[in-house]
Amino acid sequence: MASRSSALARPPAFRGVGRSILLTLPMALWSLLMFTPSFQHASGDHYIGAAAVILFMTGLFFLMMRTGETYRWRRIFFVALGFLFPVGFIAALVAERGTMSIPISRMVSGDTPFCFMVTPSIILPAAFARTVIFPGSILPTASNPHSIAIMIGLWFALTLVMGKAWCSYACFFGGIEEGFAALPKRRRLHRFITRFGAQLRLIPWAILVFVVLVSAAIFEPVYCMWLCPFKAVTEFPAVRNVETAIQMVVFIALFVGLVVVLPYLTKKRTQCGFFCPFGAFQSLFNKINLFEIRINREKCVDCGLCQTSCPTVALSKDSIREGKTLLNCMKCGACVDACKKDAAVWHLKGTPVAAKPERARLLFLYGTWALATMFGGSVLANGVHTLIGFLPLK
Amino acid sequence: MRTRILTILAYTGAALTLVVAVCVPFVLMGAFSNAVAHAGLHIDAAYSGGTVARTIDRGRYTIVVYQPVEPRLLERIEPFVQIVFEPAESLPAHVSDEIDLDGDGRPDVRVSFNVPADANAPLRGDVTALNATYISLTNVAGESFSRMVVRAGKQIVVRIPLHEGPARR
Ligand code: SF4
Ligand code: SF4
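Treat the numbers as computed from the prediction; the structure is a model and nothing was measured.

Draft legend 1. How the structure looks around the overall build of chain A. Scanning chain A from N- to C-terminus turns up 18 helices and 5 strands. Taking 394 residues into account, the globule formula puts the C-alpha radius of gyration at 21 Å, and chain A, at 21 Å, falls close to it. Excluding contacts between residues fewer than 6 apart, the proportion of contacts in chain A whose partners are at least 24 apart in sequence is 75%. Split by element, the accessible area of chain A, about 15700 Å² in all, is 69% carbon and sulfur. Within chain A, one finds 39 positive and 17 negative side-chain charges whose respective centroids are separated by 7 Å.

Here you go:
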């Protein structure tokens, strides 16, 4: 197998076309299986949306097989997910209620779709008082199919397979900032981020502890009501008094600052790396996930390319010296693709490091990409279908 | 030997992870959702209004009276009681009802509001407290979780705040 070059330069073919097609075949069949029900809609827009997603997801998987690179192709999917999710979601809200805001009447009737980001906030009241502090419904209803049971079931099933890779293959919010981080050529504030990386990495944990404890004390989903940057591009409580007006300002400021401006300046996922409490919570599942990234010390020359390329600062000088990533590694593959010495490798826990890195990558990708296709693919199909609806074709 | 056993275990685990992934859309998602659905959880009363105390039949429509809701720990809501008028389509154009909330046979509040023909039109109403336990509301819509007269689908939801302290029984 040819060795990989930098993520920026086009690598030589890693695998022949025939073998790449063969390895892609299971994913192509899986995509067809996942989207066959969509074809039964028989409406042109749905048909196009589903067909586009099958081609898109299968095509990207083929390119991962062919080039041996993960990050570049995964990023295309993830950014598309990040930008198409709000398109479908907002269009559905506006069509149904004419606004992105949630009036209090919909909260008391349990019509707020559940968002996985709230999960850490609801754990303690659910465990100790059997109470869910979210204005949704436990079971799906006609007016709220995204019930708490459905969304938690979905999140947990995906997390069992993906672990923290959720943040690279499933979370549409992460895709938005990855999109803004991909835009500039130059990295700014790099020295600051490297120097204070350890402190910055602690912030999401601090916010997680704060959110969990305060939510349990005041019986309110604090993150949801006060700290979620993504309210700005999904739905938010209707402004009805000074408090909800301040919340609105906070949501917009966090979104602009952490999801647009800072990622653009730094080429890092600043919200994910230095703020998101759900991301910190999700890191815990890295402990039970079998796949990880390791640094082969025999090949590593301590050039720091992997550290620079990491979107969430999940590598430090010390961790590289120990041959490991940090707990917040979301298995995006950027460091593996950036390493010119093939020292950063995919790894299956329990096996010798760097023994069969491509086998580990394949095993990881089959499970993770399959679920990315199932979950993210349906979000993409919905977004495409919505966009087609905007076109003056009919 | 240890490395070999670990490697076998690791690949077995990886294969199991793949099996789990394939099972997610067909079995696991539903199974986990069912487990959550049957965990005996309920939505916080600040949002759901709490548990139903009794219903009052008014012929064309029904009034559902809920148990009073008290804030827990540091919860930032006033104590309130929820009543629901349903179905909204069967209500007369103007509702003015005296309602016994505590079940002692005497009315506790008078609730009045106009029911717009358009379900999306704004709704406002008044609540007159007929004893010292309840707080009157004038021209209220969806001000807060403890003070509201709102249309929620096929229901008109009214929340009446309760006095904290000596006025409470
Ligand atoms: S860190 Fe938070 S926002 Fe970022 S991808 Fe993970 S869950 Fe999503
Ligand atoms: S350590 Fe590597 S795989 Fe992990 S988040 Fe950073 S770049 Fe991605």
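Draft legend 2. How the structure looks around the pattern of salt bridges. Residue and element names in this part refer to chain A. Going through the model one piece at a time under the given rule, you end up with 19 salt bridges over all chains. Among the salt bridges present, the one from Arg74 reaches Glu178, with a minimum N-O distance of 2.6 Å. Residue Arg74 is found in helix α3 (residues 71-97), and its partner Glu178 is found in helix α8 (residues 172-182); the two are separated by 104 residues along the sequence. Among the residues examined, Arg74 registers a relative accessible area of 0% and is labelled buried.

Draft legend 3. Layout of the pairing of strand β3 (residues 62-66) of chain B. All names here are of chain B. Across the 5 residues of β3, 4 count as buried, placing the element largely inside the fold. In this structure, strand β2 (residues 52-57) lies alongside β3, joined through 5 bridges in antiparallel fashion. Bridge pairing in β3 links Asp57 to Thr62. Between β2 and β3, which pair antiparallel in sequence order, lie 4 residues; one of them, Gly59, sits at a positive phi of approximately 85°. Taken together, the 4 bridges between β3 and strand β4 (residues 80-86) define a ladder with antiparallel strand orientation. Residue pairing across strands places Val65 opposite Ile83, the latter belonging to β4.

Draft legend 4. Region of interest: the nonpolar core. Core analysis: the biggest nonpolar cluster contains 133 residues, and Phe77, Phe116, Leu158, Trp166, Tyr169, Phe230 and Trp369 of chain A have the highest contact counts within it. With 15 residues, helix α18 (residues 357-390) of chain A is the single largest residue contributor to this core. Apart from residues no more than four positions distant in its own chain, Phe116 of chain A is found in contact with Trp155, Trp166, Cys171, Phe172, Phe173 and Phe278 of chain A. Counting residues in each nonpolar core, the second largest holds 26 residues, with Val95, Ile99, Val115 and Val127 of chain B among its members.

Draft legend 5. How the structure looks around the site of ligand 2. Close to ligand 2 lie 14 residues, the nearest being Cys310, Cys329, Cys332, Gly333 and Cys335 of chain A. When its residues are assigned to classes, the shell around ligand 2 shows 10 nonpolar, 3 polar and 1 charged.

Draft legend 6. Fine view of the packing of helix α6 (residues 148-162) of chain A against α18 of chain A. Residue and element names in this part refer to chain A. Close contact between α6 and α18 brings their axes to 9 Å; oriented N to C, the two are set at 155°. Considering their axes alone, α6 and α18 lie roughly antiparallel with respect to each other. Crossing of α6 against α18: the hand is left-handed. Judged by residue contacts, Leu154, Ala157, Leu158, Val161 and Met162 of α6 engage Gly367, Thr368, Leu371, Ala372, Met374 and Phe375 from α18.

Draft legend 7. How the structure looks around the site of ligand 1. Contacts to ligand 1 come from Met117, Cys167, Cys171, Gly174, Phe230, Arg269, Gln271, Cys272, Cys276, Phe278 and Gly279 of chain A. The residue inventory of the shell around ligand 1, partitioned by class, reads 7 nonpolar, 3 polar and 1 charged.

Draft legend 8. Molecular detail of the packing of aromatic side chains. Residue and element names in this part refer to chain A. Applying the stated criterion to the full structure yields 33 aromatic pairs over all chains. Each ring, one from Phe116 and one from Phe172, has its centre 5.6 Å from the other, and the planes form 55°; the classification is tilted. With a gap of 56 residues between them, Phe116 in the loop between α4 (104-108) and α5 (119-129) and Phe172 in helix α8 connect regions that are remote in the sequence. In terms of burial, Phe116 and Phe172 fall into one category: buried. Ring geometry for Trp166 against Phe375: centres 6.1 Å apart, planes inclined by 25°, an arrangement best described as stacked. Taken together, the residues Trp166 in helix α7 (residues 166-169) and Phe375 in helix α18 connect sequence positions 209 residues apart.

Draft legend 9. Region of interest: α3 of chain A. With 27 residues, α3 of chain A extends 38 Å between its outermost C-alpha atoms, agreeing within 8% with the 39 Å of an ideal straight helix rising 1.5 Å per residue. Of the residues flanking the end of α3 of chain A, it is Gly98 of chain A, one or two places downstream, whose phi is positive at about 80°.

Draft legend 10. Main features of a nonpolar patch on the surface. Together, Val17, Ile21, Leu25, Leu29 and Leu32 of chain A give the surface a local cluster of nonpolar side chains, amounting to about 440 Å² of exposed area. Within the fold, Ile21 of chain A resides in helix α1 (residues 17-39).

Rules used in this analysis
Residues numbered from 1 in each chain as written. Chains lettered and ligands numbered in written order. Predicted model: local features only at pLDDT ≥ 70, side-chain atom pairs only at ≥ 80, totals over all residues. Heavy atoms only, no water. Helix = DSSP H or I, 4+ residues; strand = E, 2+ residues; numbered from the N terminus. Rg over C-alpha atoms; globule rule 2.2 N^0.38 Å. Contact = heavy atoms within 4.5 Å. Areas by Shrake-Rupley, 256 points an atom, 1.4 Å probe, with all protein chains shown as cover. Lys, Arg positive; Asp, Glu negative; His and termini not counted. Charge placed at Lys NZ, Arg CZ, Asp CG, Glu CD. Salt bridge = Lys/Arg side-chain N within 4 Å of Asp/Glu carboxyl O. Buried < 20%, exposed > 50% of the residue type's maximum accessible area, 1.4 Å probe, protein only. Pairing = 2+ DSSP bridges. Core = buried A, V, L, I, M, F, W, Y, C linked by side-chain atoms within 4.5 Å. Near = heavy atom within 4 Å. Nonpolar A, V, L, I, M, F, W, Y, C, P; charged D, E, K, R; others polar. Axes fitted to C-alpha atoms, helices over the stretch in contact; angles between N-to-C directions. Parallel < 35°, antiparallel > 145°, perpendicular 65-115°, else oblique. Left-handed = near helix turned anticlockwise from the far one by under 90°. Phe/Tyr/Trp six-rings, centres within 6.5 Å; stacked < 30°, edge-to-face > 60°. Expected span 1.5 Å × (residues − 1). Patch = residues over 30% accessible without salt bridge, like charges linked within 9 Å, V, L, I, M, F, W, Y side chains within 5 Å.

Nothing here speaks to function; it is geometry throughout.
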